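Notes for the structure review
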Amino acid sequence: MSLADRQTRVGELAYGRAVTQSEIEDDKGDLPVVGRVLGTQPASPLTYWTALVPGRWLQLDDVVVTSREVAGRGTVVTSGIVTHVQARHEGASFESDVHLIADGTLPGEVVEAAEITVTRVEPEIYVPPTPGSAVRRALDDERDAALYFDSMDRMLPIGLGRDRRPVYANFDFVDGTKGAHISISGISGVATKTSYALFLLHSVFTSQVLGAKAVNTKALVYCVKGEDLLYLDYPNTALTADQALKYAELGLPAQPFKSVHVFAPPRPGDPAGTPNISGRAGGAVSPMFWTLQEFCRDELLSFCFADAEDDRAQYTLLIGQVAARLKREADPIGESGAISIASRTVTTWSALVDLIDEQLTDEDTRRDWTPGATALGSINAFLRRLHSSVRPLDALIRGDLDLRGRQAVSTSEAQVTVVDLHSLPDRAQRFVVGTTLRRQLLEKEASGSSDPLTFIVLDELNKYAPREGSHPIKEILLDVAERGRSLGVILIGAQQTASEVERRIVANCAIKVAGRLDAAEATRPEYGYLPATHRQRALLAKPGSMFVSQPDIPLPLAIEFPFPAWATRISEAGTPPTPPASKAAERRQRDPFARVADQPDPGGDPAPF
């Protein structure tokens, strides 16, 4: 049997007629019909199989559409996504027949079929597709309808589909209108979780989905691995023209973040408090520390005990008592953040720890700091943990630095605020994350409005909000997950293992994303939003490929996102951004006579004009 005869025979099986030679020779994909609903497999309103026309092909994630006439109700259009494809020899009985068929000595046909999972039925009359009905690629408006893009008022570009066309998320499920928060899971170093979180942030700021609100929208990004996130406002010299084209296809500019401010911890032992970073220097970089006055006033002691094992210890009952005592007794001294307590001046964290030790070990003063029934063993355990915090926190809690020009860690200085944690010990990282998140929530609560939005990008969420135990940071993250949408605080959390993150946090994330997964992790119930085929594919996903689940669409969508347009390491950093002018300089530019007002007048006389 000739090739043309075999193709004609398969066409008869698929179409019920012989396909024409022009249809066989057309391999450009212009013909919309790719197959027919298969009659040898049961078709249901939710899934069906299609036999492909010879010379046509479908791949996983392709969007197709079919229709049928329903008596008295008109045309029912059924849209779906390809979730499985297979090819086989029709006419072969034994495994060895493949050689005979390939040699042409045994009649047999190559038949391809695809499983379609239904995503949308319009109108909602759930009847199965009729066997033999034409199956077409969904193009343009049909594709948008199949993926519910036509019903989204605000579409956020989240990547490119297999057809190289944009894929969108409903922004109503991002900004808190209908839902909020994004959870991203995957193997470290392969799943590109942080890269995708930053791409989503870039899309939010530049896609016009926020309209005029984009100017005031803020982001707080925690840099936990190296100095990778300290160059977000530098162009990426490794960005190729092909990757830049992907941004254009998404309707996004291929550019770095425009407004970035970095906070980094001071160098250990540096009396000037110089930020402890090696690559980026100068510009929008500020030292990150807390004064002893702030530590006592804001009762930050609990964040020094934010380890998982602290929850099971009896000494945690002392933390609140000691923090309240510090708030009552500490008096500010001078302008360096030092305090006076128990008739002593304290300028360093180690000195404050020694003072607390003296107060709790002295029988005469202990009763003023602790409840009367507190066991001595609990006090000793508390002090051991407190002393172990001196080394990691001594550079962060200060009362000996010049505070002139100091900028506290907040999102007010730039659109994107990066908090550098990579050089800090684990305990110090927890302290910084807890105190900065707490401040963000308090500021939003004080404002009384959810506008402007603040996005929190936090990697290693399983460390800060583990499934077991309880500590202050976990409680704050729970508050963000459960109440943040009403305050305008949106969490973009990334973790290697969603199974080890507090359930309520993951459950409150409206959008869930999975990159490359570990085989054991992929079987966990936290990935129930991934069908079996998607879980298997997640084991093979390459960097830049993600599976995105959102409430509007019944199936996760496979997407690819472009290479970062911003530098992710110093070797990629292009031309440094222009340093922002100081507020005083901006004021002088608007009013040249303001320069005189900035200068001190030693005589106290008014200006001569």
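Thresholds applied
- Residues numbered from 1 in each chain as written.
- Predicted model: local features only at pLDDT ≥ 70, side-chain atom pairs only at ≥ 80, totals over all residues.
- Heavy atoms only, no water.
- Salt bridge = Lys/Arg side-chain N within 4 Å of Asp/Glu carboxyl O.
- Buried < 20%, exposed > 50% of the residue type's maximum accessible area, 1.4 Å probe, protein only.
- Pairing = 2+ DSSP bridges.
- Helix = DSSP H or I, 4+ residues; strand = E, 2+ residues; numbered from the N terminus.
- Axes fitted to C-alpha atoms, helices over the stretch in contact; angles between N-to-C directions.
- 1 Å grid on protein atoms, 1.4 Å probe; cavity = no way out; pocket = protein on both sides within 12 Å on 5 of 7 lines; lining within 4 Å.
- Points joined across faces, edges and corners; volume = space filled by probe spheres on them.
- Nonpolar A, V, L, I, M, F, W, Y, C, P; charged D, E, K, R; others polar.
- pLDDT = per-residue confidence, 0-100.
- Contact = heavy atoms within 4.5 Å.
- Phe/Tyr/Trp six-rings, centres within 6.5 Å; stacked < 30°, edge-to-face > 60°.
- Core = buried A, V, L, I, M, F, W, Y, C linked by side-chain atoms within 4.5 Å.
- Domains from an automatic or database assignment.

**Quick look at the pattern of salt bridges**
- According to the stated counting rule, one finds 33 salt bridges in the structure shown.
- Across the pair R398 and D400 runs a salt bridge whose closest N-O atoms are separated by 3.0 Å.
- Overall, the relative accessible area of 37% leaves D400 in the partly exposed class.
- Three or more residues joined by partner-sharing salt bridges are found here, namely D426, R430, E460 and K463.

**Some words on the sheet that holds strand β14 (residues 331-333)**
- Pairing within the open sheet is antiparallel, and its three strands lie in the order β14-β15-β16. The open sheet has two edge strands, β14 and β16 (344-346), and neither has a second partner. Each strand of the sheet is rotated relative to its neighbour by a mean of 35 degrees, with strand direction disregarded.
- The pairing of strand β15 (residues 338-341) with β16 spans three bridges and is antiparallel.

**A few points about the environment of R537**
- By the element assignment, R537 lies in helix α18 (residues 532-538).
- Counting along the chain gives 21 residues from R537 to A558, while the straight-line C-alpha distance between them is 9.8 Å.

**With respect to the sheet that holds strand β5 (residues 109-122)**
- Read around the closed barrel, the six strands follow the order β1-β2-β5-β4-β3-β6; overall the barrel is antiparallel. Taking the axes of each pair of neighbouring strands and ignoring which way they run, one obtains an average angle of 40 degrees across the sheet.
- Across 13 bridges, strand β4 (residues 74-90) lies against β5 in antiparallel orientation. Within β5, the residue paired with G80 across the bridge is V118.

**Things to note about the layout of surface pockets**
- If you add up the space inside the largest pocket, you get close to 720 Å³.
- Taken together, 31 residues line the largest pocket, and the ones lying closest to its centre are T192, T194, S195, P564 and T568.
- Going through the elements one at a time, α5 (193-206) and α6 (241-249) are the ones with two or more residues in the lining of the largest pocket.
- Here the lining of the largest pocket gets four residues from one element, more than from any other, and that element is α5.
- Residues belonging to the lining of the largest pocket are distributed by class as follows: 13 nonpolar, nine polar and nine charged.

**Some thoughts on unusual backbone geometry**
- In this structure, P123 follows E122 across a cis peptide bond, with omega equal to -15 degrees.
- With respect to the element layout, P123 can be found in the loop between β5 and β6 (134-137).
- Phi at Q208 takes a positive value of approximately 70 degrees, unusual for a residue other than glycine.
- The backbone phi angle of E460 is positive, close to 55 degrees, even though this residue is not glycine.
- Structurally, E460 can be placed in the loop between β19 (454-458) and α14 (461-464).

**Thoughts on the pairing of β6**
- Only one face of β6 is buried: it carries V135 and R137, and the other face, with A134 and R136, is open.
- Strand direction decides the pairing type here: strand β1 (residues 33-37) and β6, joined by three bridges, are antiparallel. Pairing of V33 across the sheet is with R136, part of β6.
- Taken together, the two bridges between strand β3 (residues 63-70) and β6 define a ladder with antiparallel strand orientation. In the strand pairing of β6, V65 is matched with R136.

**What about the confidence of the model for the chain?**
- On average, residues of the chain score 86 in pLDDT, and 87% of them reach the 70 mark or higher.
- Here residues 6-30 scores under 50 on pLDDT; set against residues more than four positions off or in separate chains, the count is 33 contacts.
- Confidence over residues 581-609 falls short of pLDDT 50; this stretch has 10 contacts with residues more than four positions distant or in other chains.

**Side note on the packing of aromatic side chains**
- One pass over the full model with this rule turns up 13 aromatic pairs.
- Their ring planes at 85 degrees and their centres at 6.4 Å tell us that F205 and F257 sit as a pair that is edge-to-face. Note that F205 is positioned in helix α5 and F257 in the loop between α6 and β11 (260-264), a separation of 52 residues in sequence.
- F205 gets classed as buried once you look at its relative accessible area, which sits at 10%.
- Relative accessible area serves as the criterion here: at 4%, F257 is assigned to the buried category.
- Residues F295 and W349 carry aromatic rings whose centres are separated by 5.0 Å and whose planes lie at 65 degrees to one another, so their mutual orientation is edge-to-face. Placement of the pair is F295 in helix α7 (residues 292-297) and W349 in helix α9 (residues 349-361), with a sequence separation of 54 residues.
- Under the relative-accessibility criterion, W349 is labelled buried at 0%.

**Re the environment of V98**
- Within the secondary structure layout, V98 lies in helix α3 (residues 97-103).
- Taking the C-alpha atoms as reference points, V98 and G108, separated by 10 residues in sequence, lie 8.8 Å from one another.

**Examining the nonpolar core**
- Core analysis: the largest hydrophobic core is formed by 68 residues, its most contacted members being Y196, L201, V418 and F455.
- Counting residues domain by domain, this core receives three or more from each of domain 1 (13-146) and domain 2 (161-266 + 408-583).
- The residues touching Y196, leaving out its near neighbours within four places in the chain, are I158, I184, V513, M546, V548, I559 and F561.
- Among the nonpolar cores identified, the runner-up in size contains 66 residues, and Y222, W369, L383 and L487 belong to it.

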